[in-house]
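Observations on the three-dimensional arrangement
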2 protein chains.
Amino acid sequence: MSEEKKLTPRGEDFAAWYNEVVLRAELADYSPVRGSMVIRPWGYGIWENMQRALDDMFKATGHENAYFPLLIPLSFIEREKEHVAGFAPELAVVTRAGGKELEEPLVIRPTSETIIYSMYAKWVQSYRDLPVLMNQWANVMRWEMRTRLFLRTAEFLWQEGHTAHASAEEAERETLLILGIYRKFMEEWMGMPPITGLKSDSEKFAGAVRSYACEALMQDNKALQAGTSHFLGQNFSRQFDLKFQSEAGQEEYAWNTSWGVSTRLVGGLVMSHGDDAGVVVPPKLAPIQVVIVPILRGDDSATAVKEKAAEVANRLRELGVRTRLDDRENLSPGSKYYEWERKGVPFRVEIGPKDLAQGQLALARRVTPEGARRKQFVPEGEAIAGMPDRLEDFQRELLESAVRRREEHSYRGVTSVGEVKEILDATGGFVFTGWSGDPAVEQTMKDVCKATSRVIPGEEFRSETPPENCISGDAPSRMEVVWARAY
Amino acid sequence: MSEEKKLTPRGEDFAAWYNEVVLRAELADYSPVRGSMVIRPWGYGIWENMQRALDDMFKATGHENAYFPLLIPLSFIEREKEHVAGFAPELAVVTRAGGKELEEPLVIRPTSETIIYSMYAKWVQSYRDLPVLMNQWANVMRWEMRTRLFLRTAEFLWQEGHTAHASAEEAERETLLILGIYRKFMEEWMGMPPITGLKSDSEKFAGAVRSYACEALMQDNKALQAGTSHFLGQNFSRQFDLKFQSEAGQEEYAWNTSWGVSTRLVGGLVMSHGDDAGVVVPPKLAPIQVVIVPILRGDDSATAVKEKAAEVANRLRELGVRTRLDDRENLSPGSKYYEWERKGVPFRVEIGPKDLAQGQLALARRVTPEGARRKQFVPEGEAIAGMPDRLEDFQRELLESAVRRREEHSYRGVTSVGEVKEILDATGGFVFTGWSGDPAVEQTMKDVCKATSRVIPGEEFRSETPPENCISGDAPSRMEVVWARAY
């Protein structure tokens, strides 16, 4: 395979582009196990940076990490009726272990509410033991029929937070606190600004009272559910006997929340910023922020160029810039450029004999603002000292551009099903309409427009003028809702 | 349960002490799933610090993290004959998923050589693609009949490194590089100095050519295998067709290594340093290095004491000390002391009205050197500024004391099986003897002494005078070997 073989352009076939870019940027690969993928070092490095940022935010708000068993007795999953209805079709089941048939089958966790709340029930006696604020980083398994790298795989990696509180109000506050953390992370680290709000009853988590979600718009104008935060009420605490003695001496059931984001975020990042040359990784999440490529001419300048390249790498590292010196000898500079562009490293620094003579570095930015030149020659000192600012600018511009794209494809004041269909057929995007809250309308939208209700937007995302009528035309609007075709 | 209920003393029943201390220090708990445990935040926090330290060392030596599937086709495991013989009895098998029987059963990874080398075979074509140096942090499953918290559980967390090289020499160097990293980590972070060396053929990893191991001596003078590094030769590359074109243009099989440490290390840490009051966590791994307990008298000094406690906490944090201010209002200072001692926080700072008046802090050290006083009153400024040094001293003393303990229980120049048995019955420890290399001798040692060959020690651990005869008395010694009863 030629290194320079071009990707299918996004405009031609977005789905084909996505698969190609994930494989050729070496983010992930297919495995011999149906539905399971391999996350390669470049993809895993991005995930590690995501983990670090989220983990810091969880800990700063009082959460602790723990680890619960991978295998859950089938009878646990079956205890909460809506929960089992939602997850039963996707379970992977261990029936044999240690050479024997098991008396009770064990399922590989599709999510851990049941096993975790059974443990909390053991640890919590009194209101003094509350709140319990735990998170785990783990693999989970949901046997999907149609899989897509990062977006939908049988096994995926995620974090799942599980909390227990003495009051409904406190649990609801926790749910919203986490929703805010997710939004902040997606905006400030990923440059992927979501709309946040409430899920409709038909779209909520199996077992939740209320589900909140972050919905982000991809470049093909389809929605990606990127994170969810659930208020579980007492649904699980009643099934797992998670009780506490209140300050007033009463025995009460605890109030729970659960929330998670997964390696799906890596797919969201690719579909938010990637272009026809490859992935674009926001600097805050890039395992390598600057790659240095020495240009060796095969004459006696080579040693000086190599030394300068190493020196520049060290000086950038001293400024806290994650820098890779690509001194591989079997590859041409051109091949290196293609590779790092495909992988989405924000800046490339080229150093050749001419640059050395002129005391300059050639800087190539992975994405340039409209009208700006791709490659700039900058005096060495300024090129190095200014790099942290350049990375910040790059990060900010990715977010700005994604916000602009989302707003350009948010359609408000739409009042008929036909109009929604027209918009979604023509360009896609988020369509804001009124809704009576009747689930029958969701079914109509699915049938006619192939769209689902993504979210009942939170205050900051609602239209200035609230819609008067339900999109069905049959009833007054009780709430605004966002429709989209979705991953 | 009274908070102050004493633990079973180590001298009375070490195994009972261990279980109690793990549960009551809230490192881990039993789960409803047979053989699987829950790692609670205090235990997981220690594991996270272990991960961070090891991960930094792996990355500093050129390794990258990745993630491979949890489920492995049974046929993969079966390809390497010794491998399957070693792991078959312990497999957990998924036979049903997504509501259907699977055509081929999938096993939950007991270790990932097979799935990982099948992927490397896809990625590696030429010597230019080598070496491949990857690691993954993951859960694995080995269905054990007799489980012990942290030491032996069906599911455990670990890291597994897998590398591929163009030559046997390079792979062997990698194996030893990692063995050195493990040893350094165990000494400098855990204060748990292992003996390192080669495993005998009967004790090596199923599928390895040679296995190296770290063996540490616990306080009950039993050995704990704490980390292993395997030279796999071409055993797996031949089965998974992991070939490359050499620089000379020949097609050759790659040379592999694999290596891992697990959450078992947390158990090793407990059994190395714990005492009858609880766990002792070395400062470098302690999630909390200093806990501050304000002593409130219920008079008007309370506000000033609280303010001072918060100020001291902040000043310690500014020095990089991981500090917890324990201002819980429902617990007496005494209960807090017991709790943090049980959990093994290295230093406790008490602040009461009297300390405030005298500008001092009361420092209690979790472990004191022989003859030193447990609690010291130190002028506030000096108490704070000196804390990083005190933590370093504490860390160093733990290692020194563990080295002393190991040396006191290392028996060299032993020449008869009876003598070995006598030593192991009386005190336990590491017994160094000569060995012919005949596996029959290992069987005798098992039958007579209940001991296994732990390691053929590396040069730095060998006796000054090499043993002349095999411990069997039947043959000359070909190598020195260390016997012990082991976990």
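About the thresholds
Residues numbered from 1 in each chain as written. Chains lettered and ligands numbered in written order. Predicted model: local features only at pLDDT ≥ 70, side-chain atom pairs only at ≥ 80, totals over all residues. Helix = DSSP H or I, 4+ residues; strand = E, 2+ residues; numbered from the N terminus. Rg over C-alpha atoms; globule rule 2.2 N^0.38 Å. Buried ≥ 20, exposed ≤ 12 C-beta atoms within 10 Å, placed from the backbone. Least-squares fit on C-alpha atoms with pLDDT ≥ 70 in both. pLDDT = per-residue confidence, 0-100. Expected span 1.5 Å × (residues − 1). Contact = placed C-beta atoms within 7 Å. Pairing = 2+ DSSP bridges. Axes fitted to C-alpha atoms, helices over the stretch in contact; angles between N-to-C directions. Nonpolar A, V, L, I, M, F, W, Y, C, P; charged D, E, K, R; others polar. Parallel < 35°, antiparallel > 145°, perpendicular 65-115°, else oblique. Left-handed = near helix turned anticlockwise from the far one by under 90°. Domains from an automatic or database assignment.

1. Quick notes on the overall build of chain A
Regarding its fold elements, chain A presents 15 helices and 23 strands. The C-alpha radius of gyration of chain A comes to 25 Å, within 12% of the 23 Å expected for a compact globule of 487 residues. By its C-alpha atoms, chain A is 80 × 60 × 45 Å across when sized along the principal axes. Burial status across chain A gives 49% buried among its 487 residues.

2. Considering the relation of the copies chain B and chain A
Superposing chain B onto chain A takes a rotation of 180° combined with a translation of 0.0 Å along the rotation axis, leaving an RMSD of 0.0 Å. This pairing of chains is accounted for by a two-fold axis. Looking at the rotation axis and the C-alpha trace of chain B, the residue lying nearest is Val 94 of chain B, at 2.1 Å.

3. Brief notes about the confidence of the model for chain A
Reading fine detail from the predicted coordinates is not recommended where pLDDT is low. When pLDDT is averaged along chain A, the result is 96; 99% of the residues meet or exceed 70. The ipTM, which scores confidence in the relative placement of chains, is 0.96 for this predicted complex, and the corresponding pTM is 0.97.

4. So, helix 13 (residues 387-408) of chain A
With 22 residues, helix 13 of chain A extends 31 Å from end C-alpha to end C-alpha; this agrees with the ideal 32 Å at 1.5 Å per step. Taken together, the buried residues of helix 13 of chain A touch helix 6 (168-188), helix 8 (264-273), strand 15 (290-294), helix 9 (302-318), strand 18 (360-365) and helix 12 (380-385) of chain A.

5. Details of helix 10 (residues 333-343) of chain A
Residue and element names in this part refer to chain A. Every buried residue of helix 10 is listed here: Lys 336, Tyr 338, Glu 339, Trp 340, Arg 342 and Lys 343. Next to the buried residues of helix 10 lie helix 1 (14-24), helix 2 (41-60), strand 15 and strand 17 (347-351). Trailing helix 10 by a residue or two, Gly 344 shows a phi angle of about 85°, which is positive.

6. Focus on the sheet that holds strand 4 (residues 71-73) of chain B
Each strand in a sheet pairs with another by means of backbone hydrogen bonds, the pair being arranged parallel or else antiparallel. Strand order in the open sheet formed by six strands is 4(A)-6(A)-5(A)-5(B)-6(B)-4(B), with antiparallel pairing between adjacent strands. Edge positions in the sheet fall to strand 4 (71-73) of chain A together with strand 4 of chain B, since each of these pairs with one other strand and no more. Averaged over neighbouring strand pairs, the angle between their axes works out to 45° when direction is ignored. Note that strand 5 (residues 92-97) of chain B and strand 6 (residues 100-108) of chain B share four bridges and pair antiparallel. By the bridge assignment for strand 6 of chain B, Val 94 of chain B is matched with Leu 106 of chain B.

7. Here we look at the interface of chain B and chain A
Listed as interface residues are 41 residues of chain B and, on the opposing side, 42 residues of chain A. Mapped by element, the contributors of at least two residues to the side of chain B that touches chain A are strand 2 (37-39), helix 2 (41-60), strand 3 (64-65), strand 4, strand 5, helix 5 (113-123), strand 7 (132-141) and strand 8 (155-165) of chain B. Looking at the side of chain B that touches chain A, the element that brings in the most residues is strand 5 of chain B, giving six residues. Looking at the side of chain B that touches chain A residue by residue, the class counts come to 24 nonpolar, nine polar and eight charged. Where strand 5 (residues 92-97) of chain A and strand 5 of chain B come together, five bridges link them in antiparallel fashion. Bridging across to strand 5 of chain B, Arg 96 of chain A finds its partner in Val 93 of chain B.

8. With respect to the pairing of strand 18 of chain A
Residues and elements named next belong to chain A. The sheet contact formed by strand 17 and strand 18 spans four bridges and is antiparallel. Bridge pairing in strand 18 places Val 349 opposite Leu 363. With five bridges joining them, strand 18 and strand 19 (residues 375-379) adopt antiparallel strand pairing. The partner of Ala 364 across the bridge, within strand 19, is Lys 375.

9. Details of the sheet that holds strand 23 (residues 479-484) of chain B
Residues and elements named next belong to chain B. The sheet built from 11 strands is open, its strands ordered 3-7-8-14-11-10-9-22-23-21-20 with mixed pairing. The sheet terminates laterally at strand 3 and strand 20 (410-411), the two strands that pair on one side only. Note that strand 9 (residues 195-198) and strand 10 (residues 210-217) share four bridges and pair antiparallel. Across the sheet, residue Ile 195 finds its bridge partner in strand 10, namely Glu 215. The strands touched by helix 2 within the sheet are strand 7, strand 8 and strand 14 (255-262), with strand 8 carrying the most contacts at an inclination of about 5°. Across the sheet, helix 8 (residues 264-273) is in contact with strand 8, strand 10, strand 11 (223-233) and strand 14; its angle to strand 11 comes to roughly 145°.

10. Description of the packing of helix 14 (residues 417-426) of chain A against helix 15 (residues 439-449) of chain A
Angle between the axes and distance between the axes: these two values describe a pair of packed helices. All names here are of chain A. At a minimum axis separation of 10 Å, helix 14 and helix 15 run at an interaxial angle of 45°. Judged by the inter-axis angle, helix 14 sits oblique to helix 15. Pair helix 14 / helix 15 crosses with right-handed handedness. Contacts between helix 14 and helix 15 pair Val 417, Val 420, Lys 421 and Leu 424 from the former with Thr 444, Met 445, Val 448 and Cys 449 from the latter. Its residues assigned to classes, the contact of helix 14 with helix 15 comprises six nonpolar, one polar and one charged.

11. Concerning the domain arrangement of chain A
When cut into domains, chain A gives domain 1 (14-273), domain 2 (288-392) and domain 3 (410-484). Between the C-alpha centres of domain 1 of chain A and domain 2 of chain A there is a distance of 40 Å.

12. Overview of the packing of helix 2 of chain B against helix 8 of chain B
Residues and elements named next belong to chain B. Contact geometry for helix 2 and helix 8: axes closest at 10 Å, N-to-C directions at 105°. When the interaxial angle is binned, helix 2 and helix 8 end up roughly perpendicular. In this structure, helix 2 contributes Gly 43, Ile 46, Trp 47 and Met 50 to the contact, and helix 8 contributes Leu 265, Val 266 and Leu 269. The residue inventory of the contact of helix 2 with helix 8, partitioned by class, reads six nonpolar, one polar and no charged.

13. Observations regarding unusual backbone geometry
All names here are of chain A. In this structure, Pro 131 follows Leu 130 across a cis peptide bond, with omega equal to -5°. Structurally, Pro 131 is set in the loop between helix 5 (113-123) and strand 7 (132-141). Positive phi values are uncommon outside glycine, yet Asn 221 reaches one of about 65°. Mapped onto the fold, Asn 221 is located in the loop between strand 10 (210-217) and strand 11 (223-233). Look at Asp 241: it is not a glycine, yet its phi comes out positive at around 60°. Checked against the element boundaries, Asp 241 lands in the loop between helix 7 (235-240) and strand 12 (243-245). When the 11 C-beta atoms within 10 Å are taken as the criterion, Asp 241 is described as exposed.

14. Observations regarding the environment of Val 140 of chain B
Residues and elements named next belong to chain B. The topology assignment puts Val 140 in strand 7. Judged by the 19 C-beta atoms lying within 10 Å of it, Val 140 is partly exposed. For the pair formed by Val 140 and Glu 311, sequence separation is 171 residues and the distance between their alpha carbons is 44 Å. If we skip the residues at most four places from it in the chain, Val 140 touches Arg 109, Pro 110, Thr 111, Phe 156 and Trp 158.

15. Considerations on the environment of His 409 of chain B
Residue and element names in this part refer to chain B. Structurally, His 409 can be placed in the loop between helix 13 (387-408) and strand 20. Taking the C-alpha atoms as reference points, His 409 and Ala 171, 238 residues apart in sequence, are found 34 Å from one another. Beyond its immediate sequence surroundings of up to four residues, His 409 is in contact with Leu 217, Asn 221, Thr 427, Gly 428, Gly 429 and Phe 430.

16. Some points on the environment of Arg 173 of chain B
For Arg 173 of chain B, the location among the structural elements is in helix 6 (residues 168-188). Along the backbone, Arg 173 of chain B and Pro 346 of chain B are 173 residues apart, and their C-alpha atoms lie at a distance of 37 Å.

17. Regarding the pairing of strand 22 (residues 452-457) of chain A
All names here are of chain A. Extensive coverage of strand 22 is indicated by the burial of five of its six residues. As paired elements, strand 9 (residues 195-198) and strand 22 share two bridges and run antiparallel to each other. Bridge pairing in strand 22 places Leu 198 opposite Ile 456. Across three bridges, the pairing between strand 22 and strand 23 (residues 479-484) is antiparallel. Each residue of the ladder has a partner; that of Val 455, found in strand 23, is Val 482.

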